[in-house]
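# Analysis of the macromolecular model
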Amino acid sequence: RNGVYSEILRVLKPGGIFACYEWCLTDKFDPKSEHHQKIKKDIEVGDGLPDLVHTSVCTEALKNAGFELVEARDVMQDGLRGKGEPWYMPLTPSWNPLKWPRFQF
């Protein structure tokens, strides 16, 4: 992660802003739980991700690369734009924010 973030910072124009999201583990993750391990592995395999790490590892990598961290948050805690919808709603393949109902089956 440090190398990736360092390269992003290197090619970012002066005054530019970098925004991203990462799948991260929170304090609720129990590495001893088979259920948690299965969920973690399914996310990694399903999304083609490297090993998921704790949020602190990701934020520290950004800082180590030289970024000024303006905001970091767990979107699962605040829903989507404060409407109480699940955080994953925009990632749902049939979700369309411009139509009601927003699902296109």
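Residues numbered from 1 in each chain as written. Predicted model: local features only at pLDDT ≥ 70, side-chain atom pairs only at ≥ 80, totals over all residues. Heavy atoms only, no water.

### Here's the deal with the overall build of the chain
A tally of helices and strands in the chain yields 3 helices and 0 strands. Each helix (α) and strand (β) of the chain, taken in turn from the N terminus, gives the series α-α-α. Buried residues in the chain amount to 20% of all 105 residues. Total accessible area on the chain is roughly 8300 Å²; 58% of this is exposed by carbon and sulfur atoms. (Helix = DSSP H or I, 4+ residues; strand = E, 2+ residues; numbered from the N terminus. Buried < 20%, exposed > 50% of the residue type's maximum accessible area, 1.4 Å probe, protein only. Areas by Shrake-Rupley, 256 points an atom, 1.4 Å probe, with all protein chains shown as cover.)

### Looking at the packing of aromatic side chains
One pass over the structure, following the stated rule, counts 2 aromatic pairs. Arranged with centres 5.4 Å apart and planes meeting at 35°, the rings of F18 and F67 form a pair that is tilted. One end of the pair, F18, is in the loop between α1 (2–11) and α2 (34–47); the other, F67, is in the segment after α3 (55–65), with 49 residues separating them in the sequence. Exposure remark for F18: the relative accessible area of 29% places this residue in the partly exposed category. Using a relative accessible area of 14% as the deciding quantity, one classes F67 as buried. These aromatic residues form a ring-pair network of at least three members: Y5, F18 and F67. (Phe/Tyr/Trp six-rings, centres within 6.5 Å; stacked < 30°, edge-to-face > 60°.)

### Description of the packing of α1 against α3
Their axes nearest at 8 Å, the elements α1 and α3 cross at an angle of 45°. By the angle between their axes, α1 is oblique relative to α3. In terms of crossing hand, the pair formed by α1 and α3 is right-handed. Touching N2, Y5, S6 and L9 of α1 are C58, A61, L62, N64 and A65, all from α3. Broken down by class, the residue content of the contact of α1 with α3 amounts to 6 nonpolar, 3 polar and no charged. (Axes fitted to C-alpha atoms, helices over the stretch in contact; angles between N-to-C directions. Parallel < 35°, antiparallel > 145°, perpendicular 65-115°, else oblique. Left-handed = near helix turned anticlockwise from the far one by under 90°. Contact = heavy atoms within 4.5 Å. Nonpolar A, V, L, I, M, F, W, Y, C, P; charged D, E, K, R; others polar.)

### So, α3
Three or more residues of α3 are buried, namely C58, A61, L62 and A65. Taken down its axis, α3 places every buried residue within 100° of arc, on the same side. Positive phi shows up at G66, right after α3, with a value of about 110°. (Arc of directions from axis to C-beta.)

### Remarks on the environment of D27
Along the chain, the position of D27 falls in the loop between α1 and α2. Between the C-alpha atom of D27 and that of H54, which follows or precedes it by 27 residues, the distance is 7.7 Å. In this structure the side chain of D27 is engaged in a polar contact, spanning 2.7 Å, whose partner is the side chain of H54. (Polar contact = N/O pair within 3.5 Å; in protein donor to acceptor, adjacent residues only side chain to side chain.)

### Considerations on the pattern of salt bridges
In the structure shown here, the tally under the stated rule is 6 salt bridges. The salt bridge partner of E7 is R10, with a shortest N-O separation of 2.6 Å. Remark: R10 and E7 occur in helix α1; sequence separation between them is 3 residues, near one turn of the helix. You can call E7 partly exposed: its relative accessible area is 38%. We note a salt bridge from D51 to K40, for which the minimum N-O separation is 2.4 Å. A residue pair is termed long-range when its members are at least 10 positions apart, and D51 in the loop between α2 and α3 and K40 in helix α2 qualify at 11 residues. Judged by relative accessible area, D51 falls into the partly exposed class, the value being 47%. Residue class for K40 comes out buried when judged on its relative accessible area of 11%. Via salt bridges that share partners, K40, E44 and D51 belong to a single interconnected network. (Salt bridge = Lys/Arg side-chain N within 4 Å of Asp/Glu carboxyl O.)

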